[in-house]
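Listed here are the chains, written in short residue letters.
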Amino acid sequence: MQTTACVGLAFLPAKQLVGSKGSHHKAAGASAAAPPPVLIGGVLESKPVLARRLPCFSWSHRVRTWATAATTPRQDLLDEEGHQIISRRNVSNFEPSVWGDFFLTYSSPLASSTEQLTKMIERANHLMRNVSKTISASSNCSLYERMQLINVLERLCLDHLFKQEINVILSEIYKTNEVSGSDLQTTALWFYLLRKHGYQVSPDVFAKFTDEQGNFAANNPLDVLSLYNAAYLRTNGERILDEAVSFTKRSLESVLTNLQGPLAREVKSALEIPFPRRVRIYEAKYYISVHGQANEVIMELAKLNYNIMQLQYQQELRIITR
């Protein structure tokens, strides 16, 4: 698959809303139905390429230890008259798992054959090479487009596959410091990405967007939302970011009723849970569903990665249940 400069950015034009991370999907629990697969089929092997693996612990020794401790009174749990003090340690009437033994026998429709697994991994590796080339080609793109590409990879939970490439871009962006003449949305994304990845950047970059009353010159809801997300990476004593949180929160609440579509959902989710505090894997599914017709290479890789992670979690639940 051929790539050209900026081709990886075609899925999201500059200054257009990217996906959201504020979705609050219902947690699995009450239903015994299998978690539905997402978009593309695939299966899981014992050591998948794109998924992590948790060690298998031996529980038998711990169970015997806990059982012994629960039936043997401890001296520090006796009162002055020698009567045993009831504690939560001695009460074991926990509710059983709503899933029961479901995952012991559950067979995912994605895990149909070894051949399917092989094709899935081969395809994912091929897509990873193409996305890596796209990231490298983005050096000819604008500052905002390069940062937006990184932001989208993180929203899709793909950034762990391209750590080296992303670190190179962020290092270049930090050294060049080209944000001085940028607008509020670009500056907010610059601040958010660099501080999130551990770079020491000053919040004073937002000073040029404030007036004497402490209000920020935000021209549209996207600017306000970008500043709102960035401001939540503030540390103690950063007054300008404290003011930014207060200002952007009031502004977003006032315009929420007039918004529609993905932007309305993004703002509503941000007001409930700020962007830096969300669980990204929950948001990846929503982002795929909203922007699924965007860059085909990145989106297909995101779907494969999501399914591999889903199958890995199911395997881990099988181990824990057993």
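The sections below set out a description of the structure shown in this document.

Parameters and conventions
- Position labels on residues start from 1 in each chain and follow its written sequence.
- The predicted nature of this model means local features are confined to residues of pLDDT at least 70 and side-chain atom pairs, given and counted, to a pLDDT of 80 or more, with totals for whole chains, interfaces and linings taken over all residues.
- For side-chain calculations, the full set of non-hydrogen atoms in the structure is used, while hydrogens and water are omitted.
- When a carboxyl oxygen of Asp or Glu is within 4 Å of a side-chain nitrogen of Lys or Arg, the pair counts as a salt bridge.
- In DSSP terms, a helix is any run of H or I states spanning at least four residues, a strand is any run of E spanning at least two, and both are numbered starting from the N terminus.
- Burial classes follow relative accessibility: with a 1.4 Å probe on protein chains only, a residue under 20% of its type's maximum area counts as buried, one over 50% as exposed, and anything between as partly exposed.
- Helix axes use the C-alpha atoms of the stretch in contact, all axes being lines fitted to C-alpha atoms, and the angles between their N-to-C directions lie in the range 0 to 180 degrees.
- We call two directions roughly parallel when the angle between them is under 35 degrees, roughly antiparallel when it is over 145, roughly perpendicular when it lies between 65 and 115, and oblique otherwise.
- Here a crossing is taken to be left-handed if its near helix is turned anticlockwise relative to the far helix by less than a right angle, and right-handed if that turn runs clockwise.
- Only heavy atoms matter for contacts: two residues are in contact if any of them lie within 4.5 Å across the pair.
- Three classes are used, and their members are as follows: Ala, Val, Leu, Ile, Met, Phe, Trp, Tyr, Cys and Pro are nonpolar, Asp, Glu, Lys and Arg are charged, and the others, Gly among them, are polar.
- Note on aromatic pairs: the rings of Phe, Tyr and Trp (six-membered ring only in Trp) are paired at centre separations within 6.5 Å, and the planes decide the class, stacked below 30 degrees, edge-to-face beyond 60, tilted for the rest.
- In this scheme, the term charge over a ring applies when either NZ of a lysine or CZ of an arginine sits within 6 Å of the ring centre and within 35 degrees of the ring normal.

In the structure shown here, the tally under the stated rule is nine salt bridges. Note that Glu 300 is salt-bridged to Arg 123, the shortest N-O span being 2.9 Å. Residue Glu 300 is located in helix α11 (residues 296-321), and its partner Arg 123 is located in helix α3 (residues 114-137); the two are separated by 177 residues in the primary sequence. The partly exposed category is assigned to Glu 300, whose relative accessible area is 24%. Given a relative accessible area of 30%, Arg 123 falls into the partly exposed group. Arg 195 serves as the salt-bridge partner of Glu 238, at 2.8 Å between the closest nitrogen and oxygen. Pair noted here: Glu 238 is in the loop between α7 (221-231) and α8 (239-255) and Arg 195 is in helix α6 (residues 184-196), with a separation of 43 residues, a long-range link. Here the two residues Glu 238 and Arg 195 agree in accessibility, since each one is buried.

What follows concerns the packing of α6 against α7. Interaxial distance between α6 and α7 falls to 8 Å at its minimum, and their mutual angle equals 20°. Classified by the angle their axes make, α6 and α7 are roughly parallel. The element α6 and its partner α7 pack so that their crossing is left-handed. Facing α6, whose interface residues are Leu 184, Gln 185, Ala 188, Phe 191 and Tyr 192, α7 presents Leu 222, Asp 223, Ser 226, Leu 227, Asn 229 and Ala 230. A class-by-class count of the residues in the contact of α6 with α7 yields seven nonpolar, three polar and one charged.

Our focus in this paragraph is the packing of aromatic side chains. Taken as a whole and assessed by the stated rule, the structure comprises 10 aromatic pairs. A ring pair is formed by Phe 102 and Phe 103, whose centres lie 5.1 Å apart and whose planes are at 85°; its orientation type is edge-to-face. Comparing Phe 102 with Phe 103 shows no difference in burial state: the two are buried. With centroids separated by 5.6 Å and ring planes inclined at 45°, the aromatic side chains of Phe 216 and Phe 247 adopt a geometry described as tilted. Taken together, the positions of Phe 216 in the loop between α6 and α7 and Phe 247 in helix α8 put the pair 31 residues apart, joining distant regions of the chain. Taking the relative accessible area as the measure of exposure, Phe 247 reaches 13% and is therefore buried. One aromatic cluster is present, built from ring pairs that chain together Trp 99, Phe 102, Phe 103 and Tyr 106. Its guanidinium or amino end placed over the ring of Tyr 232, Arg 234 lies 5.4 Å from that ring's centre, counting from NZ or CZ. Against the face of Tyr 286 rests Arg 265, its NZ or CZ located 3.3 Å from the ring centre.

Attention now moves to the environment of Gln 148. Take Gln 148: it is sitting in helix α4 (residues 143-155). Under the relative-accessibility criterion, Gln 148 is labelled buried at 5%. Sequence separation between Gln 148 and Trp 190 is 42 residues, and the spatial gap between their C-alpha atoms is 9.5 Å.

Another aspect to go through is the packing of α4 against helix α5 (residues 163-176). When two helices pack together, their arrangement is given by the angle between the helix axes and by the axis-to-axis distance. Between α4 and α5, whose axes approach to 11 Å, the crossing angle comes to 145°. Our pair here, α4 against α5, has a crossing hand that is left-handed. Counting all contacts with α4, which are made through Leu 143, Arg 146, Met 147, Ile 150 and Leu 153, the residues of α5 involved are Ile 166, Ile 169, Leu 170, Glu 172 and Ile 173.

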